[in-house]
Amino acid sequence: MRNIALKLMYNGAGYHGWQVQKNASSVCETLEKAIGKVCGGPVHLTGCGRTDAGVHAERYIANFRTESRIPIDRLPFAVNTHTPEDIAVLQAYEVPEGFNAIGSCVKKEYTYRIFNSRFKNPFYVNRAYFYPKRLDEALLDEAARQFEGTHDFRAVRNVGTETKSTVRTIHWCRVSRNGDLLELRVCANGFLYNMVRSITGTVLYAAEGKLRPEDIPAILERGDRTLAGPTVPPGGLYLTRLWYEDERLHG
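Residues numbered from 1 in each chain as written. Predicted model: local features only at pLDDT ≥ 70, side-chain atom pairs only at ≥ 80, totals over all residues. Heavy atoms only, no water.

Q: Would you mind going over the overall build of the protein chain with me for this structure?
A: A count of helical and extended segments in the protein chain gives 5 helices and 10 strands. A compact globule built from 251 residues should have a C-alpha radius of gyration of about 18 Å, and the protein chain, at 19 Å, falls within 12% of that. With the principal axes as the frame, the protein chain shows a C-alpha extent of 60 × 40 × 35 Å. A fraction of 71% describes how many contacts in the protein chain between residues 6 or more apart in sequence connect residues 24 or more apart. By element, 50% of the accessible surface of the protein chain is carried by carbon and sulfur atoms, the whole surface being about 12300 Å². Treating the 33 positive side-chain charges of the protein chain as one cloud and the 28 negative ones as another, the clouds have centres 3 Å apart. (Helix = DSSP H or I, 4+ residues; strand = E, 2+ residues; numbered from the N terminus. Rg over C-alpha atoms; globule rule 2.2 N^0.38 Å. Contact = heavy atoms within 4.5 Å. Areas by Shrake-Rupley, 256 points an atom, 1.4 Å probe, with all protein chains shown as cover. Lys, Arg positive; Asp, Glu negative; His and termini not counted. Charge placed at Lys NZ, Arg CZ, Asp CG, Glu CD.)

Q: So what exactly am I meant to see when it comes to the layout of surface pockets here?
A: The method is simple in principle: a probe with the dimensions of a water molecule rolls over the atoms, and the space it marks as empty is what remains. Roughly 220 Å³ of internal volume is contained in the second largest pocket. In this structure, the second largest pocket is lined by 17 residues; those nearest its centre are Y124, V125, N126, R127 and A128. Grouping the amino acids of the lining of the second largest pocket by side-chain chemistry returns 10 nonpolar, 5 polar and 2 charged. (1 Å grid on protein atoms, 1.4 Å probe; cavity = no way out; pocket = protein on both sides within 12 Å on 5 of 7 lines; lining within 4 Å. Points joined across faces, edges and corners; volume = space filled by probe spheres on them. Nonpolar A, V, L, I, M, F, W, Y, C, P; charged D, E, K, R; others polar.)

Q: What is the right way to look at the pairing of strand β3 (residues 56-66) in this model?
A: Within a regular strand, side chains alternate between the sheet's two faces. Across the 11 residues that make up β3, a large majority, 8, are buried. In this structure, strand β2 (residues 46-47) lies alongside β3, joined through 2 bridges in antiparallel fashion. Across the sheet, the residue bridging to G47 is A62, located in β3. Pairing geometry for β3 and strand β10 (residues 237-244), over 2 bridges, is parallel. Across the sheet, the residue bridging to A57 is L239, located in β10. (Buried < 20%, exposed > 50% of the residue type's maximum accessible area, 1.4 Å probe, protein only. Pairing = 2+ DSSP bridges.)

Q: Sorry if this is basic, but what is going on with helix α4 (residues 195-207) here?
A: Note: α-helices contain 3.6 residues per turn, so residues at a spacing of three or four share the same orientation. Between its first and last C-alpha atoms α4 spans 19 Å; for 13 residues at 1.5 Å apiece the expected length is 18 Å, and the two agree. Counted residue by residue, α4 has 11 buried out of 13 residues, so it is predominantly covered. M195, V196, R197, S198, I199, T200, G201, T202, V203, L204 and A206 are the residues of α4 that are buried. In the stretch just after α4, G209 is the one whose phi turns positive, near 80°. (Expected span 1.5 Å × (residues − 1).)

Q: What's the story with the nonpolar core in this structure? I'm lost.
A: Soluble globular proteins tend to pack their nonpolar side chains together in the buried interior. Among the nonpolar cores identified, the biggest contains 73 residues, and L75 and F147 are the most heavily contacted of them. No other element matches the 7 residues that helix α1 (residues 27-39) contributes to this core. Residues within four places of F147 in sequence aside, it is in contact with F153, V156, I170, C173, I199, T202, V203, I216 and L220. (Core = buried A, V, L, I, M, F, W, Y, C linked by side-chain atoms within 4.5 Å.)

Q: Got a minute to help me understand empty space enclosed by the protein in this structure?
A: One pass over the structure, following the stated rule, counts 1 cavity of 30 Å³ or more. Every residue lining the largest cavity is listed: Y112, I114, L140, V175, L182, E183, L184, T200 and V203. For the lining of the largest cavity, the secondary structure elements donating two or more residues are β5 (105-115), β9 (181-188) and α4. Counting residues per element, the lining of the largest cavity draws most heavily on β9, which supplies 3 residues. Residue composition of the lining of the largest cavity, grouped by class: 7 nonpolar, 1 polar and 1 charged.

Q: How do you make sense of the pattern of salt bridges when you look at a structure like this?
A: Once their charged atoms are close, side chains differing in charge can pair, the charge on each being opposite to the other. Applying the stated rule across the entire model yields 16 salt bridges. Taking the shortest distance from any N to any O, the salt bridge between R185 and E183 comes out at 3.2 Å. Judged by relative accessible area, which is 26%, R185 ranks as partly exposed. In this structure, D246 and R248 form a salt bridge, with 2.7 Å as the shortest nitrogen-oxygen distance. Judged by its relative accessible area of 38%, R248 is partly exposed. A network of salt bridges, in which partner residues are shared, links E58, E109, R113, E183 and R185. (Salt bridge = Lys/Arg side-chain N within 4 Å of Asp/Glu carboxyl O.)

Q: I'm lost on unusual backbone geometry in this one. Help?
A: Residues apart from glycine generally show negative phi values, whereas peptide bonds are mostly found in trans. Phi is positive for N126, close to 60°, though the residue is something other than glycine. Residue N194 is not a glycine yet carries a positive backbone phi of 60°. Residue classification places N194 among the buried residues on the basis of a relative accessible area of 11%.

Q: It is not clear to me how the packing of aromatic side chains should be interpreted in this structure. Could you clarify?
A: Think of a pair of aromatic rings as described by two things: how far the centres are apart, and how the planes are tilted against each other in angle. Here the structure, examined in full by the defined rule, presents 9 aromatic pairs. When the ring of F99 is compared with that of Y244, the centres are 5.6 Å apart and the planes differ by 45°; the resulting orientation is tilted. Of this pair, F99 sits in the loop between β4 (87-94) and β5 while Y244 sits in strand β10, and the two are 145 residues apart along the sequence. Look at F99 and you get buried, because its relative accessible area is 8%. Feature note: the residues Y10, W18 and Y60 constitute an aromatic cluster, connected by ring pairs. Lying over the aromatic face of W243, K107 brings its terminal NZ or CZ to 4.9 Å of the ring centre. Residue placement shows R113 over the ring face of Y238; its charged tip is 4.3 Å from the ring centre. (Phe/Tyr/Trp six-rings, centres within 6.5 Å; stacked < 30°, edge-to-face > 60°. Lys NZ or Arg CZ within 6 Å of the ring centre and 35° of its normal.)

From the geometry alone we can't say anything about function, so treat these as descriptive.
Structure, rendered in structure tokens:
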């Protein structure tokens, strides 16, 4: 039995997230069907994380096991002939039996994109959060940096998948601007449900004067979701980088 890891990317606008759903289209189910056609039978994909409905991935790792002997270098092209245009497999690798796309992932980076302009841009629909009032990226960055370090992040988590602990380590949380596009990049050893979108909403609250950047540590300490900012829409969120012990899978 071969254990194969896929490096892929997808536009999540047309899907109800990565995870297989009973009555909605998912990225995982779409890929499993495509791989099954290539490998000659059903496969089960394990993804590196659950992206919510409408969330995108510029980098994503998933693995599956198969008896198929298809050459590894032919697999991406073969699978891509059976996937829609918004999902693309970039590379495939044979990995050790014990490899698991989510369990073997060391850290991840998500990026939230805000289109900050007086006028909307049709090409950013479901691709970035349109925010027409001018934002101060220096203030946003100051607020974002308050989340760095090891904390209990209950205050920026919505009710969803249960976890044993809400403590995570954020390696960096920074905001930068390129023209009208603002990017909040956050890298951590793990993420809670809607954590990045809630962090972004809290950073925007600071820019709007609804709280001060220096208030954020106390909000985290209290662990009260109602004290933090709102959960911003999913269309601006991207999974952008992944780290594994196997450097071939870094992205």
